[in-house]
Amino acid sequence: MTELDTLELAPDVAASLPDWSDVVAHLASPRLPRVVDVLRAAEVRGRPAVQPRCGVGGHAPMRHLLRELEDAAPDILSVTIDSHTRLRKFRAAREVLLRDPAELNGYPLVTHGWRRGRQLVGTVDVPLEVRHGSPDPRELFAVSLASGITSFEGGGIGYNLPYSKDVPLSRSLRAWQRVDAVCGTLARDGVVVDRELFGTLTAVLVPPSVSLAMTLLEGVAAVAEGVRCLSISYPQSGEIHQDVAALRATRTLARRYLGPDVEVYPVLHEFMGVFPTTPEFAGGLILLGGLTARLGGATKVITKTVQEAQGIPDAAANASGLRTAALGASELLDFVRVDEDRVAEEQHWIEREVAELVEPVLAADDLFEGIERAFRDGRLDIPFSASVHARSEIVPRRDAGGSIRYESSGNLPFSGPVLRRHATLLRAAEGTPPRSRMAAVHDDIHHFLAKERALFLPPSERRRPPLPDPSRTSFSLPPIEVPMSSTASGSSAPLPAGLPDPEAGARVVADDRAHLFHSWAAQGAVNPMPVAGGEGRYFWDYEGRRYLDFSSQFINLNIGHAHPKVVAAIKDQADRICMIASTFANDRRGEAARLIAEIAPGDLNRVFFTNGGAEANEHAVRMARIHTGRPKVLSAYRSYHGGTATAISLTGDPRRWANENSGSASGNVAHFFGPYLYRSHFHATTEAEECERALAHLEQVITFEGPSTIAAIVLETVVGTAGILVPPPGYLAGVRELCDRYGILYIADEVMSGFGRTGAWFAVDHWGVTPDLITFAKGVNSGYVPLGGVILSDAVHDTFRDVAYPGGLTYSGHPLACAAAVGTITAMREEGVNENAARVGAEVIGPGLREIAERHPSVGEVRGLGVFWAVELVRDRETREMLVPYAAGGELARPVDEVVAACKEGGMWPVYNYNRIHVVPPCTITDEEAREGLAILDQALYAADKYVG
């Protein structure tokens, strides 16, 4: 009885229980049906399990009820507990049971005892769950376990504030903590008890973010005690888009706050509040519940009956409700769709509101004290609560579409955008007289009764009850507008016709996996997401999910997806001529070269076109070797210059290693350490020291390698893939001086950093340095058609004035690619794209990342400029131990993999490399889009924080 003793049970209940070893042995029996097995099977099946609520006072009638309901094919059955037992009034329950069991509104399990409980479990072949409303469930939980019931509902917030008047919140939280601790002990012994958490059951008028916030806080407390299986229940509001969004948000929020090691199953509890009286309309709502559960990805749906408005339903009504909900979730209604844009928009805002509610509480040193303090301050609150511990200052109200909004959020700590959005959505139509709050709440509560009257009742009965005079307590809303786009849904523009189309997406993946060989990947591990389209800063898949592109694909989509001016330029060129050999002159080829030369620094006046960045570096090195007559090239260790033979030999990251083994990357390249103050190779403590010592090191390498043998130093102006390392002031000028002193060419690799990425045409412009050669690609036309190149100084060009250059490419200066470059550069000039990138980086991304760093102990450093930033993640800020070791993969890379997965779940597509998340959206990104992307990253980084220390 050791574990049950920790519950500190009432003496008479404790004395009646079997030994703990007997309880565990019974729960571990392979013959015992378990709720968790049903939930797991439902997840695999992709359709929700169905469960009714049922409970009567007498033992024999309860067994008979379970048998009758089993004939309706439920997946799980309930033991709904009476109100006396919920409040631990066991003597009162016994007295009523002896007098007339039919007077009880549920089954008094504690009074009947665990032996009868085991009889209930053995009555049917499906598992049972205890459903109740107890602020202190310890005795009920102990008897449930002893009975062999494998799922227990409730929590210290949701089953205190709605159901009791003055039970101290701390007492309830501690009682449930003991329950969860026993579940944790069982989980460690291999016995999984499902703990179902259920927001706030006060009425239908609970905004989703309130319900989910309370549930998640209870979930955090449960996980801390070792609970490993949580069902998270959400009460259906009746507006299908909001309900589907809330169910989908449940999974995202659970991963964010409960971690990856917990089984989490979203549950829809069908319609709460004032239930319709007409069987036809009630049946329609029950059907809607099953459909909503499926569309929202719920693992379980808890059903209602057409007799809810009359009292405790009989078995026939309960069975009918089961079948109707199962029909709603069945494949017969798979043709039904929801507006996915609307759902995604709603989901994003629900997740944001929940974060704004729970994160200040989670920041407290003690979770329970934080919860109590938040309720005292009104930062947590529940509308219509019976408890003195909730302010109930929230005034919920339905908008024109039926979704529940905050007319007043009391003292909830919502941000300005959240409050403005609710105000906008609730604004009355022009010319509609203002309504009193009392009238609005009355209408909300009777929302479905009004719809029922309109559909089924005769005209004489359709009048609404008289309402209070709106002139006495009227309100008005200011004319506030708020943009309705979000990172989860993308722009407010609808998806193209024909989406979602998962079958088309499946065909795309099938062709890919059957015939495509992927770069930089073990082919058996590739699992690509099929992309259906993109526009601006967003792209979307065949399921209709939108993603804010914070990766710019391969950090090349500087002007964004489907820019109309670039697309038009390509179409115009295609109408005239698609291909002409590079031996001919072409208008767009010549114009592209002229535009690039105009924006290049100094005397870099000629352009050699390639197909991409790697080839650009290949040819730049070839030009340097021929120009100088020297064979050797120097490159930094932390660098990436491409995947072709010479380019990979220049590369300093681990992708070089395997290519060196093949012999393709061995030729005349020496590496040196560039500046990186955060992980200084030179033990520097300031930028000035780092600059001075890095230049001294470089000169030493030049000396040891032999200046007369070195043709060029190849340097990413701002190191990209290997860390977004911004050089300290004076470093590039120092490299230029060393090159001049020793007759070495300076090749600036601007493949990634060029064309607006740093807020300038070329990153060297920030430091006023002119290289001898600049290599470019990516942003020159955002990759719409492959294009790269080398910009040559006059001196290098003159080397080949009378001597043929020994190199060329079939597609050098391809007309379609050059037309795209002309369209891109022209659009960037006309639209101020470089200026936008510089301003967003200085005013939004940089400050935003620094604020994020203050909140997350896993963030060691943020650095960057323009729209070119990195977040370096660590396990320890003091030692700067990397969150993921250098060149690590597999399980070692899991911490960053979790962050990346959370970003994608939130609707933002990131780019990462080892222990860094790179923030590299298109240069056209707006302030609001940047803030939304940072907000998703902010939430995702909690996945990294748990690995700190």
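Keep in mind it's a predicted model, so treat the numbers as computed, not measured.

Draft legend 1. Structural context of the overall build of the protein. Assigned secondary structure in the protein consists of 35 helices and 26 strands. Relative to the compact-globule value of 30 Å for 949 residues, the protein shows a C-alpha radius of gyration of 33 Å, a close match. Projecting the C-alpha coordinates of the protein onto the three principal axes gives extents of approximately 115 × 65 × 55 Å. A sequence separation of at least 24 residues applies to 74% of the contacts in the protein between residues at least 6 apart. The distance from the centre of the 94 positive side-chain charges to the centre of the 118 negative ones in the protein is 3 Å.

Draft legend 2. Region of the structure containing the packing of helix α32 (residues 833-855) against helix α34 (residues 927-940). Where α32 meets α34, the closest approach of the two axes is 10 Å, and the angle between their N-to-C directions is 20°. Looking at the two axes, α32 sits roughly parallel to α34. Crossing hand, α32 versus α34: right-handed. Of the residues in α34, those touching α32 at Arg839, Val840, Val844, Ile845, Gly848, Leu849, Ile852 and Arg855 are Asp927, Ala930, Arg931, Leu934, Leu937 and Asp938.

Draft legend 3. Quick look at the nonpolar core. Core analysis: the largest hydrophobic core is formed by 120 residues, its most contacted members being Val79, Leu128, Leu145, Ile157, Leu186, Ile371 and Phe375. Contacts of isoleucine 157, omitting those with residues within four sequence positions, involve Pro162, Leu169, Leu173, Met214, Leu217, Glu218, Ile371, Phe375 and Ile382. Counting residues in each nonpolar core, the second largest holds 92 residues, with Ile596, Leu695, Trp761 and Val871 among its members.

Draft legend 4. Expanded view of the layout of surface pockets. Roughly 1,100 Å³ of volume is contained in the second largest pocket. Lining the second largest pocket are 34 residues, with Arg248, Leu295, Gly297, Glu543 and Arg545 sitting closest to its centre. Among the elements of the structure, α4 (35-45), α13 (240-258), α14 (279-295), α16 (340-362), β13 (546-549) and α33 (894-905) are those that each provide at least two residues to the lining of the second largest pocket. When residues in the lining of the second largest pocket are grouped by element, the largest group, four residues, is from α13. Its residues assigned to classes, the lining of the second largest pocket shows ten nonpolar, nine polar and 15 charged.

Draft legend 5. Expanded view of the pairing of strand β21 (residues 859-865). Across six bridges, the pairing between β21 and strand β22 (residues 868-876) is antiparallel. For glycine 864, the partnering residue across the bridge sits in β22 and is tryptophan 869.

Draft legend 6. Spatial organisation of helix α7 (residues 90-99). Taken as a whole, α7 has its buried residues at Phe90, Ala93, Val96 and Leu97. Viewed end-on, α7 has its buried residues packed into an arc of 125°, placing them on one side of the element. Facing away from the buried side of α7 by more than 90 degrees, the exposed set consists of Arg91, Leu98 and Arg99.

Draft legend 7. The sheet that holds strand β15 (residues 632-636), seen in detail. Strand order in the open sheet formed by seven strands is β14-β20-β19-β18-β17-β15-β16, and the pairing between neighbours is mixed. The strands lining the two open edges of the sheet, one partner per strand, are β14 (604-610) and β16 (669-672). Mean inter-strand twist for the sheet, computed between neighbouring axes without regard to direction, equals 20°. Relative to strand β17 (residues 710-716), β15 runs parallel, the two sharing four bridges. When the bridges of β17 are listed, leucine 634 appears paired with isoleucine 713.

Draft legend 8. The arrangement of the pairing of strand β2 (residues 77-80) in detail. Along β2, one buried face is formed by Leu77 and Val79 and the opposite face, lined by Ser78 and Thr80, is buried too. In this structure, β2 lies alongside strand β3 (residues 128-131), joined through four bridges in parallel fashion. Among the inter-strand pairings, threonine 80 is bridged to a residue of β3, identified as arginine 131.

Draft legend 9. Structural view of the environment of aspartate 772. Examined against the element boundaries, aspartate 772 turns out to sit in the loop between β18 (745-749) and β19 (773-776). Given the relative accessible area of 15%, aspartate 772 is considered buried. As a C-alpha pair, aspartate 772 and alanine 620 span 152 residues in sequence and 9.8 Å in three-dimensional space. With residues up to four places along the chain from it excluded, the contact list for aspartate 772 reads Leu604, Arg736, Ile744, Leu745, Tyr746, Ile791, Leu792, Ser793 and Val796. In terms of polar contacts, aspartate 772 uses its side chain to reach the backbone amide nitrogen of tyrosine 746, at 2.8 Å.

Draft legend 10. Seen up close, the packing of aromatic side chains. Applying the stated criterion across every chain yields a total of 15 aromatic pairs. Aromatic pair phenylalanine 608 and tyrosine 805: ring centres 5.7 Å apart, planes at 75°, arrangement edge-to-face. Placement of phenylalanine 608 in strand β14 and of tyrosine 805 in the loop between α30 (794-799) and α31 (815-831) is noted, with a sequence separation of 197 residues between them. Here the two residues phenylalanine 608 and tyrosine 805 agree in accessibility, since each one is buried. Between phenylalanine 800 and tyrosine 805 the ring centres are 5.2 Å apart and the planes differ by 80°, which places this aromatic pair in the edge-to-face class.

What counts, and where the lines are drawn
- Residues numbered from 1 in each chain as written.
- Predicted model: local features only at pLDDT ≥ 70, side-chain atom pairs only at ≥ 80, totals over all residues.
- Heavy atoms only, no water.
- Helix = DSSP H or I, 4+ residues; strand = E, 2+ residues; numbered from the N terminus.
- Rg over C-alpha atoms; globule rule 2.2 N^0.38 Å.
- Contact = heavy atoms within 4.5 Å.
- Lys, Arg positive; Asp, Glu negative; His and termini not counted.
- Charge placed at Lys NZ, Arg CZ, Asp CG, Glu CD.
- Axes fitted to C-alpha atoms, helices over the stretch in contact; angles between N-to-C directions.
- Parallel < 35°, antiparallel > 145°, perpendicular 65-115°, else oblique.
- Left-handed = near helix turned anticlockwise from the far one by under 90°.
- Core = buried A, V, L, I, M, F, W, Y, C linked by side-chain atoms within 4.5 Å.
- Buried < 20%, exposed > 50% of the residue type's maximum accessible area, 1.4 Å probe, protein only.
- 1 Å grid on protein atoms, 1.4 Å probe; cavity = no way out; pocket = protein on both sides within 12 Å on 5 of 7 lines; lining within 4 Å.
- Points joined across faces, edges and corners; volume = space filled by probe spheres on them.
- Nonpolar A, V, L, I, M, F, W, Y, C, P; charged D, E, K, R; others polar.
- Pairing = 2+ DSSP bridges.
- Arc of directions from axis to C-beta.
- Polar contact = N/O pair within 3.5 Å; in protein donor to acceptor, adjacent residues only side chain to side chain.
- Phe/Tyr/Trp six-rings, centres within 6.5 Å; stacked < 30°, edge-to-face > 60°.

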